[in-house]
Amino acid sequence: MRDTTSALFEFLLRQGDNALVLGHRTSEWCGMAPVIEEDIALANIALDLIGQAKLWLEYAGEQEEAGRSANDLAFLRDAYDFRNLLMLELPNEDFGRTIMRHFLFDAFQVPWLEALSESSDQRVSDIAQKASKEATYHLERSEYAVIGLGDGTEESNRRMQNALTDLWPFAGEAFRDDNIDRAMHDAAISPLPSMLQPVWKIKVQSTFQLAYLTPPDSEFAHSGGRIGFRHTEHLGHMLATMQFLQRAYPGATW
Amino acid sequence: MVTSVALSKDQIWDWLDSVPDPEIPVISIVDLGVVRDVAVSEGGVLITITPTYTGCPAMSVIAFDIETALAQKGVKKITLETQIAPAWTTDWLSEKGRARLEDYGIAPPQAAGGPERCPQCKSSNVERISQFGSTPCKAQWRCKSCMEPFDYFKCI
Ligand SMILES: [Zn+2]
């Protein structure tokens, strides 16, 4: 059994790494999106996520008491030390898949951050309240885009359906409770992730109905990312790009 | 120079109100609502600021501009503290700031979630182009009367 402090560190890494990894993936769209408005939107969303990651990882570093800053945690950990959901590290693929991933994540993140706003840990509550405003704005957009593309052309519907079919087996990882979650729940720092699954399901299913999309009829969920047991082969490649500068030129600043 | 005279809080607020927002220079950082508190003591001046958006790249520029502006007025010891709670809201924009935004061509935030009117021709016949814009705090809209695109300051 771990004590609450190191469990809190792990919990904070999960929050920070989700935001960081999705933020980095989203930033890969910069200059590549199908239209300029989407390019700008994705760059702004990436910025929000990286800003949130900084707040979580700063706090994680303080809890760990090993002198690691948010930057150290972001740029000097290896793939197996990351605690993000597997879904967030997958390559972007096409635009539809990017939007679908954002939607599946945003629909979780909004009720999750709202719940964390009530955390017994003041700092967790403060960060969650700040991030919650941004997440709500992101969900408004990703939900609208999923409906627009799902209920769009034959091709856009096909691509969104493919994205949903591919990502669905990754979406459930967010709701798998483990010992860290139970320690956080016991300390009233966070709810159990599983408690949010019903709300999430109602949200995504009502959106998919409007979007003429059908999620696979399966509860199977790949897991291992948030507990750091097993990542996909994609995370290491992503980190090779993201961390290159700090690895090649340690301590570089501008 | 203010070396011997005790600094007043109001004086510091006045000076900060002349520091422009780096991305929208027609409004000050005080108009924007990012300056949350000013405390003056014998040890120096403590300024508490809050970020608009968590990843807003202007925040480090704002911190630098505050230090520069106060140092130019002769303030010796300036400490900046960042506070994230309560979270920044567009409700903190000053009336002066809102009016200046519109004069500049940026529609000020509205609780309804969209601009009240086109900042150019004042028509209310407007539509959204994108939820996001050139900086984290803005969205892109278009006027269907004068056909001009314009920025809208997002309401959060
Ligand atoms: Zn107009």
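Residues numbered from 1 in each chain as written. Chains lettered and ligands numbered in written order. Predicted model: local features only at pLDDT ≥ 70, side-chain atom pairs only at ≥ 80, totals over all residues. Heavy atoms only, no water.

## Focus on the interface of chain A and chain B
Contacts between chain A and chain B engage 21 residues on the former and 24 residues on the latter. Regarding the contact of chain A and chain B, the summed buried area is about 1,900 Å², with carbon and sulfur atoms giving 62% of it. By the criterion of area lost to chain B, the three top residues of chain A are K130, K133 and Y137 of chain A, representing 36% of everything that side buries. Linking chain A with chain B are 1 salt bridge. As a salt-bridge pair, E140 of chain A and R128 of chain B come within 3.9 Å of each other at their nearest N and O atoms. If you look at where chain A meets chain B, you find 10 residue pairs in polar contact (both at pLDDT 80 or more). Considering each element in turn, the side of chain A that touches chain B owes the most residues, 11 residues, to helix 6 (residues 122-150) of chain A. (Contact = heavy atoms within 4.5 Å. Buried area = accessible area lost by both parts, 1.4 Å probe. Salt bridge = Lys/Arg side-chain N within 4 Å of Asp/Glu carboxyl O. Polar contact = N/O pair within 3.5 Å; in protein donor to acceptor, adjacent residues only side chain to side chain. Helix = DSSP H or I, 4+ residues; strand = E, 2+ residues; numbered from the N terminus.)

## Here we look at the coordination of the zinc ion
Residue and element names in this part refer to chain B. Distances from the zinc ion to its protein donors, C118 (SG), C121 (SG), C143 (SG) and C146 (SG), fall within 2.3 Å. Relative to the metal, the 4 donor atoms surrounding the zinc ion lie at angles of 104 to 114°, and the coordination shape comes out tetrahedral. All donor residues of the zinc ion come from one chain, and their arrangement in sequence is C-x2-C-x21-C-x2-C. With C121 in the loop between strand 4 (106-107) and strand 5 (126-130) and C146 in the loop between strand 6 (138-143) and strand 7 (149-153), this residue pair connects regions lying 25 residues apart in the sequence. (Donors = N, O, S within 2.8 Å, 3.2 Å for Na, K, Ca; no water. Tetrahedral: all angles 85-135°; square planar, octahedral: opposite > 155°, others 65-115°.)

## Examining the domain arrangement of chain B
All names here are of chain B. Taken domain by domain, chain B holds domain 1 (4-88) and domain 2 (94-153). Distance between the C-alpha centres of domain 1 and domain 2: 27 Å. Contacts between the two partners involve 13 residues from domain 1, matched on the other side by 12 residues from domain 2. Interface area for domain 1 against domain 2, summed over the two sides, is near 1,000 Å², with a carbon-plus-sulfur share of 69%. (Domains from an automatic or database assignment.)

## Some details on the sheet that holds strand 3 (residues 78-82) of chain B
Working definition: the strands of a sheet are paired by backbone hydrogen bonds and lie parallel or antiparallel to each other. All names here are of chain B. If you trace the 3 strands from one edge of the open sheet to the other, you get 1-2-3, paired in mixed fashion. Edge strands, defined here as strands with exactly one partner in the open sheet, are strand 1 (35-41) and strand 3. For this sheet, the mean inter-axis angle between neighbouring strands, taken without regard to orientation, is 15°. As paired strands, strand 2 (residues 44-49) and strand 3 are joined by 5 bridges and run parallel to one another. Looking at the pairing, L46 lines up with T79 of strand 3. (Pairing = 2+ DSSP bridges. Axes fitted to C-alpha atoms, helices over the stretch in contact; angles between N-to-C directions.)

## Observations regarding the nonpolar core
With 86 residues, the main nonpolar core has F11, M100, L104, V124, V146, W200 and F208 of chain A as its most contacted residues. Take this core: its biggest share by element is 12 residues, from helix 5 (residues 95-116) of chain A. Apart from residues lying up to four places away in sequence, F208 of chain A is in contact with M100, F103, L104, V146, L164, W168, L213 and P215 of chain A. I29, V34, V35 and V38 of chain B belong to the second largest nonpolar core, which has 32 residues in total. (Core = buried A, V, L, I, M, F, W, Y, C linked by side-chain atoms within 4.5 Å. Buried < 20%, exposed > 50% of the residue type's maximum accessible area, 1.4 Å probe, protein only.)

## Some points on the packing of aromatic side chains
Within this structure, the stated rule accounts for 11 aromatic pairs over all chains. Ring centres of F108 of chain A and F175 of chain A lie 5.4 Å apart, and the angle between their planes is 90°; this geometry places the pair in the edge-to-face category. A residue pair is termed long-range when its members are at least 10 positions apart, and F108 of chain A in helix 5 and F175 of chain A in the loop between helix 7 (154-171) and helix 8 (179-186) qualify at 67 residues. Here F175 of chain A falls in the buried class, since its relative accessible area comes to 4%. With a centroid separation of 5.9 Å and an interplanar angle of 70°, the aromatic rings of W141 of chain B and Y152 of chain B are classed as edge-to-face. With a gap of 11 residues between them, W141 of chain B in strand 6 and Y152 of chain B in strand 7 connect regions that are remote in the sequence. Here W141 of chain B matches Y152 of chain B in class, with each residue buried. Positioned above the aromatic ring of F82 of chain A, the side-chain terminus of R77 of chain A is 4.2 Å from the ring centre. Its guanidinium or amino end placed over the ring of W92 of chain B, R36 of chain B lies 3.4 Å from that ring's centre, counting from NZ or CZ. (Phe/Tyr/Trp six-rings, centres within 6.5 Å; stacked < 30°, edge-to-face > 60°. Lys NZ or Arg CZ within 6 Å of the ring centre and 35° of its normal.)

## Describing the packing of helix 2 (residues 36-64) of chain A against helix 5 of chain A
Between two packed helices, both the angle of their axes relative to each other and the distance between the axes serve to describe the pair. Residue and element names in this part refer to chain A. Relative orientation of the contacting elements helix 2 and helix 5 amounts to 40°, with a least axis distance of 13 Å. The angle between helix 2 and helix 5 places the two elements in the oblique class. Handedness of the crossing formed by helix 2 with helix 5: left-handed. In this structure, helix 2 uses E38, L42, I45, L49 and W56 to contact helix 5, whose residues at the interface are F95, T98, H102, L113 and L116. (Parallel < 35°, antiparallel > 145°, perpendicular 65-115°, else oblique. Left-handed = near helix turned anticlockwise from the far one by under 90°.)

## Some points on the pattern of salt bridges
Residues and elements named next belong to chain A. One pass over the structure, following the stated rule, counts 24 salt bridges over all chains. Across the pair D166 and R97 runs a salt bridge whose closest N-O atoms are separated by 3.3 Å. Placement of D166 in helix 7 and of R97 in helix 5 is noted, with a sequence separation of 69 residues between them. You can call D166 partly exposed: its relative accessible area is 39%. By relative accessible area, which is 15% here, R97 ends up buried. Among the salt bridges present, the one from R226 reaches D181, with a minimum N-O distance of 2.9 Å. Of the two residues, R226 sits in the loop between helix 9 (197-210) and helix 10 (234-242) while D181 sits in helix 8, which places them 45 residues apart along the sequence. Across this residue pair, the class does not change: R226 and D181 are buried. A single network of salt bridges, built from pairs that share partners, joins R14, D178, D181 and R226.

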